Amino acid sequence: MKFSGLFKVSLVASALVLAGCGGDIKITPTVNDSSVKNSNNTTTTPTTPTTPDTGDGKVENPCTKRTVAGNEVQGEFKAPHCVYDTNFAGKNLEIEENITFKALANGGAHVFKGAIQMGKNCDTTLGCTIEKNGPTLNIEPGTTMAFTSGEAIVRIGRGAKINAIGTAEAPITFTSAKVYPDFDIAGTGAQFADWGGIMINGFGLTNHCKNEQRAAGTCNAESEGIVSHFGGNDNADDSGSIKYANIWYAGSGPRDGGEGNDLNSLTLNAVGSKSSFEYLHIHQGFDDGIEFFGGAANIKHIVVTDTQDDGIDIDAGWKGNAQFILVKHGKVTTKTDVTYYDEDEKKLVTIPAGTEGYMGNNGFETDGEKNGGADYSEVPASNPTIANVTVITTDGKSIRDNGSSQAIAFDDAIESTYYNTLFVKADASINGTNCVQFKDVSAQKKAADGKIKFNNSVMACVKQFKDGDTFNADAGSGSKAEWFANGGSSIILDNAQGVLSADGFSTNTASTEVTIQANDLTGEGLDKTFFEQVDYIGAVSDKDTSSPWYKWVQKSLAAIK
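None of these values were measured; they are calculated from a predicted model.

Caption draft 1: Local environment of the overall build of the chain. Each helix and strand in the chain was counted, giving four helices and 38 strands. Looking at the chain residue by residue over its 561 residues, the buried ones come to 57%. The long-range fraction of contacts in the chain, counting pairs at least 24 apart against all pairs at least 6 apart in sequence, stands at 72%. Summed over its atoms, the accessible surface of the chain is roughly 21,700 Å², and 45% of this surface lies on carbon and sulfur atoms.

Dropping the structure here:
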């Protein structure tokens, strides 16, 4: 089935309405009338956006202004949108002052032809210095930021911040400009990789740098996709916050650097723990939903749907926490030809436009070390603590690389602890895909040594372990099933029947097949300031359908139907 004419804008109704199906976003109108706490922890109540009238019948330009080389530059108002050329924001311009984008009336969006680069990018080995208190990108509730090309990214440099705090009723949206007919010249509609995504660079610890580089202030790790620099000595760094936001149709496949050199929907490069990322819906990114490269940023209440590579990708010594993460793989119909490198066939393969295909490799891909040895010892392997996860896989092979839809993959001496995790694979009848993969012996050794551990978790998969049910001889040749069961704390089911409720995403807490209890997350060693006490396994409970989290998931999944 091929999609066409997906989005129409009705200025009369002041809404965006879907005219399509399966795997594409339906945007419903929002009313910007919910109170939100500002940086001073006081409550403000934004008003419904209106288009200013000068009183003489002329409409005042509501677009954001800024100063470039001493000259005032403002977006062009093309009702209902504000359009920003590369003389306002682009790959050759860095924004060094605070800047604010407000919600526009009548479903309008701020549309960018180039990248938004907050703060200076600095490689300190070249004599530049980093402003520790750099500029802030402020985005108000109900605002839509739309981008016209794969080069258009939001890059928050070291020392700069993003303050994008929406509300449940008026979320912020980062999306493709092709959702609007005015910017969809080919008439294809929006699709993965339409724009570059959000990249945030922090001063946190990353094992992309050596110990002596951090000591000398010359840790300048290079980001993937589009080169900028990140890293330092401060895992409590603050790069700002994103809350109640949608990030749709972002990312890219391999760029100039070859395989692995990609743009994600949200990249957190050595971002510190004072930053926060909550209530996000990430949809149809062409690489990962969220990828960490070290740091200690925390994430909570995250929905990732139909992202082509991994839902959550962990690299380079990440030490953060995560709770309430739902990853769901699905299908889309391609709007344009898609070319990828088939690892099995060792050749480029092109999927023509109009092809229905699967989205999603791993729910989680977890890497511990990029580099090893004494030179990198200050940043040991990634070792996050993660609770209340649901990964719903398919039996499909992804459009991007013909990779399998899996719940989790372990690699590069990863360490990690999981609580209340639910992996679901209802079908493996065509491609025979599995739920869990160990990519190398180093990860198998960590698991066998108890440094990868599942507590109070359920693997409800018709096929469980890729590459056999026992660990490699170098890891002790133990049973993978016994490792996952962790002394009876967790269980493995040979099917997915009954573990999800009728809504298709929340945990069926009345399931008779699940014979273990949830971990309430009050135990010793858990960060009580972050983890919320729970009484259920999985990301979402079927017992509290009125909670903000349940409603956020429900709204996110309804948007892509």
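Caption draft 2: Structural context of the pairing of strand β17 (residues 197-201). Summarising burial for β17: five of the five residues are buried, a large majority. Alternating residues of β17 divide into Gly 197, Met 199 and Asn 201 and Ile 198 and Ile 200, and every residue in both groups is buried. Bridge count between strand β14 (residues 153-156) and β17: four bridges; the pairing is parallel. If you follow Arg 155 over to β17, its bridge partner there is Met 199.

Caption draft 3: Expanded view of unusual backbone geometry. Backbone torsion omega between Ala 79 and Pro 80 reads 5°, so that peptide bond is classified as cis. Here Pro 80 lies in the loop between β7 (76-78) and β8 (81-84). In this structure, Ala 193 is a non-glycine residue whose phi angle is positive, near 70°. As for its position among the elements, Ala 193 is in the loop between β16 (172-176) and β17. When its relative accessible area of 29% is taken as the criterion, Ala 193 is described as partly exposed. For Asn 388, which is not glycine, the phi torsion reads 55° and is therefore positive. Among the structural elements, Asn 388 can be located in strand β32 (residues 385-392).

Caption draft 4: Representation of the pattern of salt bridges within the structure. The final tally for this structure, using the stated rule, is 14 salt bridges. Taking the shortest distance from any N to any O, the salt bridge between Arg 400 and Asp 262 comes out at 3.2 Å. With Arg 400 in the loop between β32 and β33 (406-411) and Asp 262 in the loop between β20 (240-248) and β21 (266-269), this pair connects stretches of sequence that are 138 residues apart. For the pair shown, Arg 400 and Asp 262 are each scored as buried. Residues joined by salt bridges that share partners form a network here, namely Glu 94, Glu 96, Lys 120 and Arg 155.

Caption draft 5: Spotlight on the state of the cysteines. Under the defined criterion, the tally for this structure stands at four disulfides. Two residues, Cys 122 and Cys 128, share a disulfide whose sulfurs are 2.0 Å apart. Disulfide Cys 122 to Cys 128: torsion about the S-S bond roughly 105°, handedness right-handed. We classify Cys 128 as partly exposed; its relative accessible area is 30%. In this model Cys 435 forms its disulfide with Cys 461; the gap between the sulfur atoms is 2.0 Å. Of note, the bridge from Cys 435 to Cys 461 carries an S-S torsion of about -70° and is left-handed in sense. Placement of Cys 435 in the loop between β34 (416-425) and β35 (436-438) and of Cys 461 in strand β37 (residues 458-461) is noted, with a sequence separation of 26 residues between them. The disulfide pattern of the chain is 1-2, 3-4, 5-6, 7-8 when the bonded cysteines are numbered in sequence order.

Caption draft 6: Spotlight on the packing of aromatic side chains. Per the counting criterion, the structure on display carries 29 aromatic pairs. Here Phe 410 and Phe 454 contribute two aromatic rings whose centre-to-centre distance is 6.4 Å and whose plane-to-plane angle is 75°, an arrangement assigned as edge-to-face. Pair noted here: Phe 410 is in strand β33 and Phe 454 is in strand β36 (residues 452-455), with a separation of 44 residues, a long-range link. Taken individually, Phe 410 and Phe 454 each receive the classification buried, so the pair is uniform in this respect. The interplanar angle of 40° and the centroid separation of 4.9 Å between the aromatic rings of Phe 454 and Phe 484 together place this pair among those described as tilted. Note that Phe 454 is positioned in strand β36 and Phe 484 in helix α3 (residues 480-485), a separation of 30 residues in sequence. Exposure remark for Phe 454: the relative accessible area of 1% places this residue in the buried category. Every member of this aromatic cluster is reached through a ring pair, and the members are Phe 364, Phe 410, Tyr 418, Phe 423, Phe 438, Phe 454, Phe 471, Trp 483 and Phe 484. Here Arg 66 stacks its cationic end above the ring of Phe 88, 5.7 Å away from the centre of that ring. One residue, Lys 300, lies across the ring of Phe 530, its end atom 4.3 Å from the ring centre.

Caption draft 7: Summary view of the sheet that holds β17. Reading across the sheet, the nine strands line up as β11-β14-β17-β21-β23-β25-β31-β33-β35 and stay open at both edges, with parallel pairing between neighbours. Edge strands, defined here as strands with exactly one partner in the open sheet, are β11 (116-118) and β35. In this sheet, neighbouring strand axes are inclined to one another by 10° on average, regardless of whether the strands run parallel or antiparallel.

Caption draft 8: Quick peek at helix α2 (residues 441-448). Of the positions making up α2, those classed as buried are Ala 443, Gln 444, Lys 446 and Ala 447. Down the axis of α2, the smallest arc covering the buried residues is 160°, so these residues share one side. Buried positions along α2 lie against β33, β35, β36 and α3. Downstream of α2 by one or two residues, Gly 450 has phi in the positive range, about 80°.

Caption draft 9: Representation of the side chain of Thr 175. You can see Thr 175 is positioned in strand β16. For Thr 175, a relative accessible area of 0% gives the class buried. Those residues in contact with Thr 175 that sit more than four places away from it in its chain are Thr 144, Met 145, Ala 146, Phe 147, Trp 195, Trp 248 and Tyr 249.

Caption draft 10: Structural view of the environment of Ser 556. By the element assignment, Ser 556 lies in helix α4 (residues 548-559). For the pair Ser 556 and Leu 280, spaced 276 residues apart in the sequence, the C-alpha separation amounts to 9.1 Å. Once residues lying within four places of it in the same chain are set aside, the contact partners of Ser 556 are His 281 and Val 303.

Caption draft 11: Summary view of the nonpolar core. If you look at the biggest cluster of nonpolar residues, it comprises 75 residues, and the most contacted ones within it are Phe 174 and Phe 410. Apart from residues lying up to four places away in sequence, Phe 174 is in contact with Ile 139, Met 145, Phe 147, Ile 162, Ala 164, Trp 195, Ile 198, Ala 245, Asn 246, Ile 247 and Trp 248. In terms of nonpolar packing, the next biggest core, distinct from the first, is built from 23 residues, Tyr 419, Phe 530, Phe 531 and Val 534 among them.

Caption draft 12: Just the confidence of the model for the chain, in detail. For the chain, per-residue confidence averages 89 on the pLDDT scale, and residues scoring 70 or more make up 88% of the total. Overall, residues 1-22 carries pLDDT values under 50, and its contacts beyond four positions in sequence, including any with other chains, amount to 56 contacts. pLDDT under 50 marks residues 27-47. Its contacts with residues more than four places away, or in other chains, come to 44 contacts.

Calculation criteria
- Residues numbered from 1 in each chain as written.
- Predicted model: local features only at pLDDT ≥ 70, side-chain atom pairs only at ≥ 80, totals over all residues.
- Heavy atoms only, no water.
- Helix = DSSP H or I, 4+ residues; strand = E, 2+ residues; numbered from the N terminus.
- Buried < 20%, exposed > 50% of the residue type's maximum accessible area, 1.4 Å probe, protein only.
- Contact = heavy atoms within 4.5 Å.
- Areas by Shrake-Rupley, 256 points an atom, 1.4 Å probe, with all protein chains shown as cover.
- Pairing = 2+ DSSP bridges.
- Salt bridge = Lys/Arg side-chain N within 4 Å of Asp/Glu carboxyl O.
- Disulfide = S-S within 2.5 Å.
- Phe/Tyr/Trp six-rings, centres within 6.5 Å; stacked < 30°, edge-to-face > 60°.
- Lys NZ or Arg CZ within 6 Å of the ring centre and 35° of its normal.
- Axes fitted to C-alpha atoms, helices over the stretch in contact; angles between N-to-C directions.
- Arc of directions from axis to C-beta.
- Core = buried A, V, L, I, M, F, W, Y, C linked by side-chain atoms within 4.5 Å.
- pLDDT = per-residue confidence, 0-100.

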